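Notes for the structure review
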Amino acid sequence: MRDTAHLLNPADPDFDEIGECSLDYLITDLITGLGEDVSREGLLKTPQRVERSLRFLTSGYQANVEDVINGALFEAEGSEMVVVKDIEFYSLCEHHMLPFFGTAHIAYIPDKLILGLSKFARVADVFARRMQVQERMTSQIADALEEVLKPKGLAVVTEASHLCMMMRGVEKQGSSTRTSAMRGAFKDDARTRQEFLEAIR
Ligand code: ZN
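Residues numbered from 1 in each chain as written. Predicted model: local features only at pLDDT ≥ 70, side-chain atom pairs only at ≥ 80, totals over all residues. Heavy atoms only, no water.

1. Observations concerning the environment of Lys 152
As a reminder of what qualifies: A helix here means a DSSP run of H or I that spans at least four residues, while a strand means a run of E at least two residues long, and both kinds are numbered starting from the N terminus. Burial classes: relative accessible area under 20% of the type maximum marks a residue as buried, over 50% as exposed, and values in between as partly exposed (1.4 Å probe, protein chains only). In what follows, residue pairs with any heavy atoms lying within 4.5 Å of each other are defined as contacts.
Tracing the backbone through its elements, the reader meets Lys 152 in the loop between helix H5 (134–149) and strand E6 (153–162). Looking at Lys 152, the relative accessible area reads 42%, which means it is partly exposed. Each C-alpha atom of the pair Lys 152 and Lys 112 lies 9.2 Å from the other, and the pair is 40 residues apart in sequence. With sequence-adjacent residues up to four places away left out, Lys 152 is seen in contact with Ser 79, Ile 109, Pro 110, Asp 111, Gly 184 and Ala 185.

Structural data, given as structure tokens:
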């Protein structure tokens, strides 16, 4: 099952309220520079729409992990592996500002603390909604969760399709990229790592 509850719906009334339109004149220049006529009807409101869209897609710059977690950290006994898989994410590659998107799988072995399950997707969004490279996004998610949970081990695997590869350049439509960050027991113990990788297959 894909976890999509954390993705803000464009139909949400707050969706258009993100940020102010201060870049729309730049987007007007960009569209003109590309050879389009910004005064034709279909494009009249496009600069404002593009700005709002970009501000949403990069809203991770205004977010922080502490606010997102907001007390959903609980003390708990036990040290069994927790796996949260198929967390949907959307990001922008920092080289072309084109989307890359896919799923993140996160596992940890608690020490004394556990985190509400819905928060993993929210933390992933803090780092996905920026200009990114997939490798760095994956380790930033791992670093942030490790700092909060101080677990015995933590692992993040992300799988993504990159539109900058699919639409241009090498045009490898079917390719996907997998990156991982393994910490603690997932790094040191091959059996723990294997159990996680089996769980997300
Ligand atoms: Zn790219």
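And the narrative resumes.
2. What about the coordination of the zinc ion?
Convention followed: Note: metal donors comprise N, O and S atoms at 2.8 Å or less from the metal (3.2 Å for Na, K and Ca); water molecules are not included, so apparent gaps in a site are possible.
Taken together, Cys 93 (SG), His 96 (ND1) and Cys 164 (SG) make up the full set of protein donors to the zinc ion, lying 2.1 to 2.3 Å away. Of the residues examined, Cys 93 reaches a relative accessible area of 5% and is grouped as buried.

3. Re the confidence of the model for the protein chain
One rule of thumb: low pLDDT means the predicted coordinates there are not for detailed reading. Just so we agree on the cut-off: pLDDT runs from 0 to 100 and stands for how confident the predictor is about each residue.
Across the protein chain, the average pLDDT comes to 90, with 89% of residues at 70 or higher. Predicted confidence for residues 1–5 stays below pLDDT 50, and this span has nine contacts to residues more than four positions away or in other chains.

4. Quick notes on helix H4 (residues 118–128)
By the criterion of burial, H4 is predominantly enclosed, with nine of the 11 residues buried. Of all the residues in H4, the buried ones are Lys 119, Phe 120, Ala 121, Val 123, Ala 124, Asp 125, Val 126, Phe 127 and Ala 128. Buried residues in H4 make contact with helix H3 (65–69), strand E2 (82–93), strand E3 (99–109), strand E4 (113–115), strand E5 (131–132) and H5.

5. Things to note about the nonpolar core
Under the convention used in this document: We call a set of buried Ala, Val, Leu, Ile, Met, Phe, Trp, Tyr and Cys residues a nonpolar core when their side-chain atoms join them within 4.5 Å.
The biggest cluster of nonpolar side chains holds 32 residues, and the ones touching the most others in it are Val 65, Phe 120, Val 123, Phe 127, Ile 141 and Leu 145. By size, the runner-up hydrophobic cluster in this structure holds nine residues, among which are Ala 155, Phe 186, Phe 196 and Ile 200.

6. Considerations on the sheet that holds E3
Our working rule: When DSSP finds two or more bridges between two strands, those strands count as paired. In this analysis, axes come from line fits to C-alpha atoms, helices being fitted only over the stretch in contact, and the angle between any two N-to-C directions falls in the range 0 to 180 degrees.
Pairing within the open sheet is mixed, and its five strands lie in the order E5-E2-E3-E6-E7. Whereas interior strands pair on both sides, the edge strands pair on one side only; in this sheet they are E5 and strand E7 (177–184). Note that E6 and E7 share eight bridges and pair antiparallel. Note on E7: the bridge partner recorded for Val 157 is Ser 180. The sheet strands contacting H4 are E2, E3 and E5, and the helix crosses E2 at an angle near 20°.

7. A closer look at a nonpolar patch on the surface
Just so we agree on the cut-off: Like-charged residues within 9 Å of one another, or nonpolar side chains (Val, Leu, Ile, Met, Phe, Trp, Tyr) within 5 Å, are grouped into patches, provided each residue has over 30% relative accessible area and no salt bridge. Accessibility throughout is a Shrake-Rupley quantity obtained with a 1.4 Å probe, and a residue counts as covered only by protein chains that appear here. Should a side-chain nitrogen of Lys or Arg be within 4 Å of a carboxyl oxygen of Asp or Glu, the pair is scored as a salt bridge.
A contiguous nonpolar surface patch, about 290 Å² in accessible area, is contributed by Leu 23, Tyr 25 and Leu 26. When you line up the elements, Leu 23 lands in the segment before helix H1 (24–33). Relative accessible area serves as the criterion here: at 34%, Leu 23 is assigned to the partly exposed category.

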